[in-house]
Amino acid sequence: MSSNAVRTTRINTRRSNRKLRKRPLMPGVEAAGEAASAEELSLEYVAHPSSPSPLQTSHPYHLRRSSLRVEPTHTCLGSLPRKRQRRFRSAQEEALRGGSSAAYFLQCELPDEVMLNIFSYLLEQDLCRVSQVCKRFNTIANDSELWKTLYQGVFEYDIPLMHCKPCKFEFVQPEESEFENPWKESFKTLYKGLHVRPGYLAKQEANPEQYKGRTIMFFETIEAAFSDSEVMKYPLVFIHKGIYCGEWLIIDTNVQLVGAAPGNVAEHVIIERTSESTIMFVEGAVQAYLGYITLKFCPDVTSSVPHHKHYCLEVAESCAPVVDHCIIRSSSVVGAAVCVSGVGADPVIRFCDVSDCENVGLYVTDYAQGTYEDNEISRNALAGVWVKNHANPIMRRNHIHHGRDVGIFTFENGQVCVFVLTCLMYLLWSCNWIRKKW
């Protein structure tokens, strides 16, 4: 037999084998035509004993590689097992799944009133931590009444004091605030302040467990707090209710001194001296602040120490403090209640009450300037305002009245820029050395 004939025979044999190995149609599938009978399946299987038996096939993907694939009859897509959908569990279910039934009860079953009572025993830092546990804890921990009680225990204010920027403090009614919880927001902005509260430090030391975790610093005197604040950029010192006598306060940094008390704050926080100036701002106090405090200068009339150059509030050259919502009283008969003097002295004094003084209320001299707004200057023994020696203050919306002398008195090249002034005063024009400039 020739080689071509042998080759042709082999090719035909291979083709016949391929036809015999052809996979039979699966029963129950109509798309491939009519289903094969059980006898045809068994005959084809016997014709090819090399193929594995359907009963001997264990791996589900082995049928694809075999020459025969047999599946149970009457198979349809509706009888196939459905894929199990993923179940999303809540935090409570996860806690219950882990076997912590107490945690589930605490987070889900315990009433809000009970949770609020428990949280009322926490301090500010612990309250912030517990608010991160879950949404329910966060809602309860941000309760306004809860933070109001905590806030008033530290700062003593009846309404929140907002501190949006340096030298800017403002009381805002809770219903008028833009924040959802103004008590918490105020607590956050004022938290790094130092507190002068006599007797409170001993209270903390007597009950260390009650105040554990609180990082607020308390001092007995204003001088101690001021000395500790010198390393800060914009130190904030709260002076709580009380009368502070003999404090030596010369401000040469950008410290912010704020009164802290319930009700009318300034009436309950009093700083008083009997010698030298009560508070003096000197060079370096460019952005210092003094607010909501009563200043008194009551020199001893029987003392031989001269005090004609001492004042209740003194602002020296090269400084620009802000004095806000303060009550200023002086019983000195030889010195003004407020003295602003020197080149570069440019304070902002607003919403202050300079009244019932035994001499001049406000004295601006020696090239000093400054802005004086919405002040009450009344019932002073001499002039309400003295402007002298090239001083040039700016007066806006001040109420000057019921003084025993003139309202505004300018002399020796003093001049004042008045925008809106409510003033009952007597102008003196009789002497040639008195110059009045508007």
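Data block above holds the structure.
Residues numbered from 1 in each chain as written. Predicted model: local features only at pLDDT ≥ 70, side-chain atom pairs only at ≥ 80, totals over all residues. Heavy atoms only, no water.

Colleague: Could you give me a rundown of the overall build of the protein, with the residues and numbers involved?
Modeller: Counting secondary structure elements, the protein contains 13 helices and 27 strands. The long-range share in the protein, meaning contacts at least 24 apart out of those at least 6 apart in sequence, stands at 59%. (Helix = DSSP H or I, 4+ residues; strand = E, 2+ residues; numbered from the N terminus. Contact = heavy atoms within 4.5 Å.)

Colleague: Talk me through the pairing of strand S8 (residues 256-260); I want residue IDs and the actual numbers.
Modeller: Burial analysis of S8 places five of its five residues in the buried class, the great majority of the element. Neither face of S8 is open: one carries Gln256, Val258 and Ala260, the other Leu257 and Gly259, and all of them are buried. With five bridges connecting them, strand S5 (residues 236-240) and S8 associate as parallel partners. When the sheet's bridge partners are listed, Val237 is paired in S8 with Leu257. The pairing of S8 with strand S11 (residues 289-291) spans three bridges and is parallel. Note that in S11 the partner of Leu257 across the bridge is Leu290. (Buried < 20%, exposed > 50% of the residue type's maximum accessible area, 1.4 Å probe, protein only. Pairing = 2+ DSSP bridges.)

Colleague: Before we move on, could you go through the environment of Leu382 and cite the residues and values that matter?
Modeller: With respect to the secondary-structure elements, Leu382 resides in the loop between strand S21 (376-378) and strand S22 (385-388). Separated by 24 residues in the primary sequence, Leu382 and Val406 place their C-alpha atoms 7.1 Å from one another. Filtering out sequence-adjacent residues up to four positions away, Leu382 remains in contact with Asn359, Val360, Arg404, Asp405 and Val406.

Colleague: Lay out the nonpolar core in plain terms, naming residues and giving numbers.
Modeller: Phe281 and Leu290 are the most contacted members of the largest nonpolar core, which has 86 residues in total. Beyond its immediate chain neighbours, meaning those up to four positions away, Leu290 contacts Leu257, Ile279, Phe281, Leu295, Leu313, Val322, Val323, Asp324 and Cys326. Counting residues in hydrophobic clusters, the runner-up holds five residues, among them Tyr311, Ala336, Cys339 and Tyr363. (Core = buried A, V, L, I, M, F, W, Y, C linked by side-chain atoms within 4.5 Å.)

Colleague: A description of the packing of aromatic side chains should follow, citing residues and the corresponding values.
Modeller: Aromatic rings in a pair are described by how distant their centres are and how their planes are angled relative to each other. Tallied over the full model, the rule gives 18 aromatic pairs. Between Tyr151 and Phe155, the aromatic rings sit 5.0 Å apart at their centres with planes inclined by 35°, giving tilted as the arrangement. With Tyr151 and Phe155 both in helix H9 (residues 144-155) and four residues apart, this pair spans about one turn of that helix. Across the pair, Phe155 and Tyr151 agree in class, each one buried. Clustering of aromatic rings is evident, with ring pairs tying together Trp147, Tyr151, Phe155, Tyr157, Phe171, Trp183, Phe187, Tyr191, Phe238 and Tyr292. (Phe/Tyr/Trp six-rings, centres within 6.5 Å; stacked < 30°, edge-to-face > 60°.)

Colleague: Give me the lowdown on the sheet that holds strand S13 (residues 313-315), citing residues and values where you can.
Modeller: One open sheet accounts for seven strands, arranged S7-S10-S13-S16-S19-S22-S25; its pairing is parallel. Unpaired on one side and paired on the other, strand S7 (249-251) and strand S25 (408-411) mark the two borders of the sheet. Here the average twist between neighbouring strands, direction ignored, is 10°. Across three bridges, the pairing between S13 and strand S16 (residues 338-341) is parallel. Residue pairing for S16: Glu314 is matched across the bridge by Cys339. (Axes fitted to C-alpha atoms, helices over the stretch in contact; angles between N-to-C directions.)

Colleague: So what's going on with H9? Which residues, and what values?
Modeller: Over its 12 residues, H9 runs 16 Å from end to end, which matches the ideal 16 Å to within 8%, given 1.5 Å per residue. If you check the start of H9, you find a side-chain oxygen 3.1 Å away from the backbone N of Glu145, and it comes from Asp143. After H9 finishes, the residue Glu156 shows a positive phi value of roughly 70°. (Expected span 1.5 Å × (residues − 1). Polar contact = N/O pair within 3.5 Å; in protein donor to acceptor, adjacent residues only side chain to side chain.)

Colleague: Residues and numbers for the pairing of strand S12 (residues 294-297), please.
Modeller: On a regular strand, one side chain projects to one face of the sheet and the next to the other, so that they alternate. Summarising the sheet, strand S9 (residues 269-273) and S12 pair through four bridges and their orientation is parallel. Bridge pairing in S12 links Ile270 to Thr294. Pairing of S12 with strand S15 (residues 327-330) involves four bridges; the strand directions are parallel. Paired with Lys296 across the strands is Arg329, a residue of S15.

Colleague: Outline the side chain of Asp324, supporting the account with residue identities and numerical values.
Modeller: Note that Asp324 resides in strand S14 (residues 322-324). A residue is classified by how much of its surface remains accessible, and Asp324, at 2% relative accessible area, is buried. Among the polar contacts made by the side chain of Asp324, one reaches the side chain of Tyr289 at a distance of 3.0 Å. Among residues more than four places away in sequence, those in contact with Asp324 are Phe169, Tyr289, Leu290, Gly291, Tyr292, Arg350, Phe351 and Cys352.

Colleague: Which residues make up the pattern of salt bridges, and what values do they have?
Modeller: Any two side chains of opposite charge can pair, given that their charged atoms come close. In the structure shown here, the tally under the stated rule is 10 salt bridges. The salt bridge involving Lys188 is made with Glu185; its shortest N-O contact spans 3.5 Å. With Lys188 and Glu185 both in helix H10 (residues 182-190), this residue pair falls three residues apart, about one helical turn. A salt bridge links Asp353 to Arg329, with the nearest nitrogen and oxygen atoms 3.1 Å apart. Separated by 24 residues along the polypeptide, Asp353 in strand S18 (residues 353-355) and Arg329 in strand S15 bring together distant segments of the chain. (Salt bridge = Lys/Arg side-chain N within 4 Å of Asp/Glu carboxyl O.)

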